[in-house]
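Okay, here's what each chain looks like letter by letter:
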Amino acid sequence: MANSKRKQLTKTSRLPPSLEQESKSTDNVIDNDNASLKNVPPGSVAAEAPVSTAHPTPTPAPCPTAAGHFFRLCSGYDFSNFSNLDNFTNWLQRPVDGAALGIFRMLYGAAMLIDIAEERGGGQLDVRYGEPQHCHFPLFNSISALAYPLMGCVYLCMWLGAWGILLGYRFRLSCLCFIVPYWYIFLLDKPTWNNHSYLFGLVGVLLLFTQAESYCSLDRLLSPHSSHGQLVPYWNYFLIKFQFFLLYAYAGLKKFSPEWLSGYAMSSLSQHWVFAPFRQVLDAELIDLLIVHWFTAFFDLSIAFFMTVEKTRLLVTPFMISFHLMNSRLFHIGMFPWVCLAEVPLFFGFDWPRKMFRRQNAKHASVEAPTAFSKPRLLAKLRAVIICGYCGLQLFLPYSHFITKGFNNWTNGLYGYSWDMMMHSYDTVLTSIKVVDNDNQRVHNLNPYAFTEYDRWTKYADMAVQYAKCIEKNIQTDMAKHHSSSPLIGQNISIYFDIWCSMNGRFQQRTFDPRVDLLKAPWSPFEPTPWSLPLLTELNHMRPKLRTITTEVLAWNNYSDVIFVADFPGLMLSNFISPDLNNCTLTILEGNVRYQSEKESEAYFLTAGKSIALESNATHHVTTIGHKPASYLYTFVNKTMLEHSDDHADDGTSKSRPLLPLWDEFQQRVTNYQNFLKHLGNCVLYLLYGVPIPMAIRDVE
């Protein structure tokens, strides 16, 4: 009789067709090859998905359609899982093995331990936070840096949190200890933002809500009979995989634009040794265009889809690994390639670590899978809605720049959360800061990097205003301390920025109106900035011509060069020609200008195609006249370098840089980490015992 009841129960508790079909994929816990439910200890089923003893009416699965088959082919999932909230909730809540998530947690924690000392600035704590006049650029002006010893404690908390994530010890508390200081430091300085730093912070927040400590953790070792067990709800995986999926997909979408596909963003990467095999069949320009730009755009857009679909996963994995390894050599992007590589195994089932490291003598009792389909509880539905809200927010933020118009300059929004990675390269040739004493109208030139080592403020209006106000504050502080030696009479000052920059192979042009006092300049996060000068896109058609001219000028000799300039009507460029330069020539490409040298009283009117020789060791002025921008170029030869070129040609002192300087990089990282630990120790000793802290002084060129 007992046997007949067991047979009857087995016969009636079946999955609905939608979930039964899902069990055949690599992402299903019922699949013995992925979940190994028959080898899970008793009591390890996740508390989030209890077995129902009721007899609910399963939601009938829709008949397979061509669209449904196509959706499954593209995404790897059945469309019925997304047909209504109940199915979607059950799909997210289904228990899966937490082994792969535990390995990702460990790798992420290890990467963050390295990242804290490098890109978070731990190795330069004294320089970044030890100078009282150091300028910071917080997202919200209410955020400010703590005193240096306290900032050391903030980094210590973050460091201990990363260790806790790696070891899986008091996991929730460790995540909080890591992500709270991380986001505080992240929001404190916008110039340090980049997409992967934003990604690291998001992943840390997502891990906080998961059960990633269910495998290979001290929490699991110390509490082997924990209620969580070895199974976790599938949404633990889904959120992290979605975040990385979005990273690749949006990076590809942003690259499918004329700005990237034109091939000017990364125009010199072909010279790197990683492209040496391609140089056997393609020239440098084709490598830059076809491989660096076109192939990368296709790769970013498609790789996440190919990794999701089981039939293409193994085929594209070598490309995924090679891509990130190449990035680790091409760019200084810290732990980003390694965190992306740590995420790759999440696409290969849930229990692959258990298969690799399964002990031969381990014998576990059998546990029946929760196969009955039950109506999800209200809490589970609410969680599914929150997950959908988070995904919607992440889908919306990269295209939300129509709201935050004040952060739009040459590019839309602040750099770091839009996944527009490597889309823009900048070349800044001139940065000038003028402090005007309004009491006597005297002009004082200030070193642009006197109070910061960052340069992103030269391209973003919000940071330019913050820097100007920080400069004003520092000047007022110095005047209060050393009034007699101050070059200023009073505190009634104005500050003007004159910054010349080129983006993606364009002309050098001004980023801000140099006639606007930034201490009084209007700025709002929701309104366009009137004094931020637009990118001269109407001159884009000249970029091929600029590249041709550059090639011709550089062929003169090893010390010839050219600079392309474009300016707005009514503005004047004052340019000093160094005595180290000779054969200097000014040539007008488009528009009309008025040229005048300080050594001559006569002014010259120059039109397109006209040239004039320039005198060295003298200042001249070029004023754009008319109703449209003017473009022109300077050609010159560095005679000092030319004269001394033979002195160093055969001295035998030059050393070739190794192609793969792994040992040098390792030593640098070890030294940097030692400095980081010293900074932490100095801060703790100062707070506990008042031991003086040795301080480094930042070099200001």
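Residues numbered from 1 in each chain as written. Predicted model: local features only at pLDDT ≥ 70, side-chain atom pairs only at ≥ 80, totals over all residues. Heavy atoms only, no water.

Peer 1: Residues and numbers for the pattern of salt bridges, please.
Peer 2: Should their charged atoms come close, side chains of opposite charge can pair. One pass over the structure, following the stated rule, counts 17 salt bridges. The partner of Lys 375 in a salt bridge is Asp 86, with the nearest N and O atoms 2.9 Å apart. On the criterion of sequence distance, the pair formed by Lys 375 in the loop between α16 (352–357) and α17 (378–396) and Asp 86 in helix α4 (residues 85–93) is long-range, its members being 289 residues apart. Its relative accessible area of 16% is what places Asp 86 among the buried residues. For the salt bridge of Asp 115 with Arg 120, the shortest nitrogen-to-oxygen distance reads 2.6 Å. Like Asp 115, the residue Arg 120 is buried in the burial classification. Here the residues in one salt-bridge network are Asp 86, Lys 375 and Lys 381, joined through shared partners. (Salt bridge = Lys/Arg side-chain N within 4 Å of Asp/Glu carboxyl O. Helix = DSSP H or I, 4+ residues; strand = E, 2+ residues; numbered from the N terminus. Buried < 20%, exposed > 50% of the residue type's maximum accessible area, 1.4 Å probe, protein only.)

Peer 1: Summarise the state of the cysteines; cite the residues concerned and give the values.
Peer 2: Enumeration over the complete set of coordinates arrives at one disulfide. Between the sulfur atoms of Cys 135 and its disulfide mate Cys 470 the distance is 2.0 Å. On the sign convention where negative means left-handed, the S-S torsion of about -95 degrees between Cys 135 and Cys 470 marks this disulfide as left-handed. Within this pair, whereas Cys 135 is found in the loop between α6 (125–129) and α7 (148–167), its partner Cys 470 is found in helix α18 (residues 461–481), the two being separated by 335 residues in sequence. Of the two residues, Cys 135 and Cys 470, both sit in the buried class. For the unlinked cysteine Cys 388, the closest cysteine sulfur is that of Cys 391, found at 6.5 Å. (Disulfide = S-S within 2.5 Å.)

Peer 1: Describe in detail the pairing of strand β14 (residues 630–638), supporting the description with residues and values.
Peer 2: Regular strands place their side chains on alternate faces of the sheet. Burial within β14 is extensive, with nine of its nine residues counted as buried. Residues Ala 630, Tyr 632, Tyr 634, Phe 636 and Asn 638 of β14 are buried on one face, and the alternating residues Ser 631, Leu 633, Thr 635 and Val 637, pointing to the opposite face, are buried as well. Bridge count for strand β7 (residues 560–567) against β14 is eight bridges, and the pairing is antiparallel. Among the inter-strand pairings, Ile 563 is bridged to a residue of β14, identified as Tyr 634. Examined bridge by bridge, strand β9 (residues 581–590) and β14 share seven bridges and lie antiparallel to one another. The residue bridging Leu 581 from the neighbouring strand is Asn 638, located in β14. (Pairing = 2+ DSSP bridges.)

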